[in-house]
Amino acid sequence: MEIIKTITVHPTDYLTSQELADIDHEISLMETREAAGIEALKVVQSHRGWISDESLHVIAAYLKMSSAELEGVATFYNLIYRQPVGKYVIHLCNSVSCHLTGYQQVLHAIEQHLNIGYGQTTEDNRFTLLSNVCLGGCDKSPVMMIGKQHYEQLTPKKAVEIITALQNENQNVEVEL
Ligand code: FES
C-alpha cells in the first residue's frame, strides 16, 4: 500500500493570499471544509497549472482532511492534472459514439501532427493530449475539448486546423475549469 507522506509546511506559507482567499470563498459556500475539496484543487490548479503532491498535501491539510481522501477526489475528477501539462490540454473523447464516428482517425491525425501520444506533452510544453470519457456531445461526435471549448464533428483535417490555429496564436488561452 502506498504511504502518502505528510508535510511540514504550513498551508498559509505555501498557498498564496489569492489562493487562500479563493479557497476560503469556496469553503464558505459549502457545509463542511472537506466538501470544498474539488473546488480548492481547481483554485490551485488555475494558478499553478497542475496539482503536485506537495500542493495536494497542503490543500488537504488546509481543508482538514487526509491527503488520501483528497487524492481520491482528484483521481475521480479527470480535469485535475496530477502531472505537469502543457498550456493547452486536449481532451479527446474516446467513448462509444466518438469511436463509431471517426475517433481513431482524429486521434491518429493529432498524434501525427503534434508528435505525441496520450499522456504526453509536446517539447515546447504547449500541448498535452489526454483521452476523455464522453464529453456530452455524442450527437455531434467526434468531440474534443481544449480549455472550456468543445470542438464537435471533428475530422482529422478539422482537428489539425484547430490545433494549428492555437499554435499560431500568440495570446494565452485560459484553461478554466
Ligand atoms: S461519446 Fe464522445 S461525446 Fe459522447
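Conventions adopted
Residues numbered from 1 in each chain as written. Predicted model: local features only at pLDDT ≥ 70, side-chain atom pairs only at ≥ 80, totals over all residues. Helix = DSSP H or I, 4+ residues; strand = E, 2+ residues; numbered from the N terminus. Buried ≥ 20, exposed ≤ 12 C-beta atoms within 10 Å, placed from the backbone. Contact = placed C-beta atoms within 7 Å. Pairing = 2+ DSSP bridges. Axes fitted to C-alpha atoms, helices over the stretch in contact; angles between N-to-C directions. Expected span 1.5 Å × (residues − 1). Core = buried A, V, L, I, M, F, W, Y, C linked by C-beta atoms within 7 Å. Arc of directions from axis to C-beta. Domains from an automatic or database assignment.

### Observations regarding the overall build of the protein chain
Secondary structure assignment for the protein chain yields eight helices and four strands. Along the protein chain, helices and strands appear, N-terminal first, in the series α-α-α-α-α-β-α-α-β-β-β-α. The buried share of the protein chain, reckoned over its 177 residues, is 29%. In the protein chain, the proportion of contacts linking residues at least 24 apart, taken out of those at least 6 apart, comes to 63%.

### Some words on the environment of Thr155
Summarising the element assignment, Thr155 is placed in the loop between strand E4 (149-151) and helix H8 (156-167). We classify Thr155 as partly exposed; it has 14 C-beta atoms within 10 Å.

### Examining the sheet that holds strand E2 (residues 127-132)
Read across the sheet, four strands follow the order E2-E1-E3-E4 without closing on themselves; strand pairing throughout is mixed. The strands lining the two open edges of the sheet, one partner per strand, are E2 and E4. This sheet shows a mean twist of 25° between the axes of neighbouring strands, independent of strand direction. Where strand E3 (residues 144-146) meets E4, three bridges bridge the pair, whose relative direction is antiparallel. The residue bridging Ile146 from the neighbouring strand is Gln149, located in E4.

### Here we look at helix H3 (residues 37-48)
For H3, built from twelve residues, the straight-helix expectation of 16 Å at 1.5 Å per residue is met to within 8% by its first-to-last C-alpha distance of 16 Å. If you follow the buried residues of H3, they end up packed against helix H2 (17-28), helix H4 (53-63) and helix H5 (67-76). At the C-terminal side of H3, Gly49 shows a positive phi close to 90°.

### Brief notes about the environment of Leu114
Mapping Leu114 onto the fold places it in helix H7 (residues 103-114). According to the C-beta neighbour criterion, Leu114 is buried, with 22 such atoms within 10 Å. Once the C-alpha coordinates of Leu114 and Cys138 are considered, the two residues, 24 residues apart in sequence, prove to be 25 Å apart. In this view, Leu114 contacts Thr122, Phe127, Leu129 and Ile163; residues no more than four positions away in its chain are not counted.

### As for the nonpolar core
Counting 22 residues, the largest nonpolar core has Ile90, Leu92, Val106, Ile110, Val143 and Met144 as its most contacted members. Sorting the residues of this core by element identifies strand E1 (88-93), H7, E2, E3 and H8 as the ones contributing at least two each. For Ile110, the residues in contact, after removing those within four places along its chain, are Ile90, Leu92, Leu129, Ala159 and Ile163. By size, the runner-up hydrophobic cluster in this structure holds 18 residues, among which are Ile23, Ala40, Tyr62 and Ile80.

### Considering H7
Here H7 is twelve residues long and its end C-alpha atoms lie 16 Å apart, about the 16 Å a rise of 1.5 Å per residue gives. All buried positions along H7 are accounted for by Tyr103, Val106, Leu107, Ile110 and Leu114. One face of H7 carries all of its buried residues, which in axial projection span an arc of 100°. Structural note: H7 exposes Gln104, His108 and Gln112 on the side pointing more than 90 degrees away from its buried face. Looking at the packing, one finds that the buried side of H7 touches E1, helix H6 (96-100), E2 and H8.

### Points about the domain arrangement of the protein chain
As assigned here, the protein chain comprises domain 1 (11-76) and domain 2 (88-167). Just the C-alpha atoms count here: the centres of domain 1 and domain 2 sit 29 Å apart.

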